[in-house]
Amino acid sequence: VNALANPMFSKSSGTARFSCSSGVCRLNLGTLQQGSGTVSDTLSLQNLVSGPADELTGDFDFSLFNGFGKSGFGAVDLAAGDFVDGLTLSLDTTAAGSYSSSFTFNGISHNPFQDNYALGSIQFRLTANVIDANGGGNVPEPGTLGLLLIAVVGALRARAHRSLH
């Protein structure tokens, strides 16, 4: 075999910002409105090498993964040039807050004539910020607070004026 397997992730659908460099891939879903539904992006993985070359095998480690949803991830076995699509990551925007999570792809370059060669792990870091669709929930805007204060002071003065008469 002339070449080791070469895992290459890319984004195949969705609006998140995606980048991969030096063994770290980042998926930033950005700032989302609370209650806007489930937001998802789909990735693909390719064994980016021409044959004859090693197969790309491996698996995903989701032991540190939380807050986000996932589907389509499983054991990988890709011949040279092959790819798998449908690796979907999602976030339900029901609850406001800052979300971050991570997982790892552990790839192996495999051919039947030599020992397996462990490729460097690829770390994935996911982030998103879900903000309250009402701009802060039940906290009044600063201008509203001023109007409320004037109304309360006016009511107290009127009450004091009535009790004096």
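Residues numbered from 1 in each chain as written. Predicted model: local features only at pLDDT ≥ 70, side-chain atom pairs only at ≥ 80, totals over all residues. Heavy atoms only, no water.

Enquirer: It is not clear to me how the overall build of the chain should be interpreted in this structure. Could you clarify?
Expert: Looking only at helices and strands, one finds one helix and eleven strands in the chain. What you see in the chain, going N to C, is helices and strands ordered as β-β-β-β-β-β-β-β-β-β-β-α. Within the chain, buried positions represent 30% of all 165 residues. Considering only contacts within the chain whose residues lie at least 6 apart along the sequence, 73% involve residues at least 24 apart. (Helix = DSSP H or I, 4+ residues; strand = E, 2+ residues; numbered from the N terminus. Buried < 20%, exposed > 50% of the residue type's maximum accessible area, 1.4 Å probe, protein only. Contact = heavy atoms within 4.5 Å.)

Enquirer: Any chance you could explain the packing of aromatic side chains here in plain terms?
Expert: By convention here, two paired aromatic rings are described through the distance between centres and the angle between planes. The tally for this structure, following the rule as stated, stands at 15 aromatic pairs. Ring geometry for Phe9 and Phe60: centres 6.3 Å apart, planes at 70°, overall edge-to-face. Taken together, the residues span a long stretch of sequence, with Phe9 in strand 1 (residues 7-13) and Phe60 in strand 5 (residues 55-61) at a distance of 51 residues. Both residues of the pair, Phe9 and Phe60, count as buried. Ring centres 4.5 Å apart and planes at 5° place the aromatic pair Phe103 and Phe124 in the stacked group. One end of the pair, Phe103, is in strand 9 (residues 97-110); the other, Phe124, is in strand 11 (residues 122-131), and 21 residues separate them in sequence. Each member of the pair, Phe103 as well as Phe124, is classed as buried. Here the aromatic cluster, defined as three or more aromatic residues joined through ring pairs, consists of Phe9, Phe60, Phe62, Phe65, Phe68, Phe73, Tyr99, Phe103, Phe105 and Phe124. The ring of Phe62 is capped by Lys70, whose NZ or CZ atom sits 4.8 Å from the centre of that ring. (Phe/Tyr/Trp six-rings, centres within 6.5 Å; stacked < 30°, edge-to-face > 60°. Lys NZ or Arg CZ within 6 Å of the ring centre and 35° of its normal.)

Enquirer: What am I meant to see in the sheet that holds strand 8 (residues 83-92) here?
Expert: Strands in a sheet are paired, the pairing made by backbone hydrogen bonds, and the direction either parallel or antiparallel. Read across the open sheet, the four strands follow the order 1-4-8-6; overall the sheet is antiparallel. The open sheet is flanked by strand 1 and strand 6 (69-71), the only strands paired with a single partner. When strand polarity is set aside, the average angle formed by the axes of neighbouring strands in this sheet is 25°. Both strand 1 and strand 4 (residues 38-47) contribute to a ladder of six bridges, which runs antiparallel. Along strand 4, the bridge assignment pairs Ser13 with Thr42. (Pairing = 2+ DSSP bridges. Axes fitted to C-alpha atoms, helices over the stretch in contact; angles between N-to-C directions.)

Enquirer: Got a minute to help me understand the state of the cysteines in this structure?
Expert: Here a disulfide denotes one covalent bond, and it connects the sulfur atoms of two cysteines. On inspection of all chains with the given rule, the structure shows one disulfide. Two residues, Cys20 and Cys25, share a disulfide whose sulfurs are 1.9 Å apart. Because the sign of the S-S torsion sets the handedness, a value of about 110° for the bond joining Cys20 and Cys25 places this disulfide among the right-handed ones. On the basis of relative accessible area, Cys25 is assigned to the buried category, the value being 3%. (Disulfide = S-S within 2.5 Å.)

Enquirer: Explain the nonpolar core here, please?
Expert: Proteins that are soluble and globular tend to have nonpolar side chains buried together. Phe9, Phe60, Phe103, Phe105 and Phe124 are the most contacted members of the largest nonpolar core, which totals 29 residues. Only strand 3 (24-33), strand 4, strand 5, strand 7 (76-78), strand 8, strand 9 and strand 11 provide two or more residues apiece to this core. The biggest single contributor to this core is strand 11, with five residues. For Phe105, the residues in contact, after removing those within four places along its chain, are Pro7, Phe9, Leu45, Leu56, Thr57, Gly58, Asp59, Phe60, Val76, Ser121, Ile122 and Phe124. (Core = buried A, V, L, I, M, F, W, Y, C linked by side-chain atoms within 4.5 Å.)

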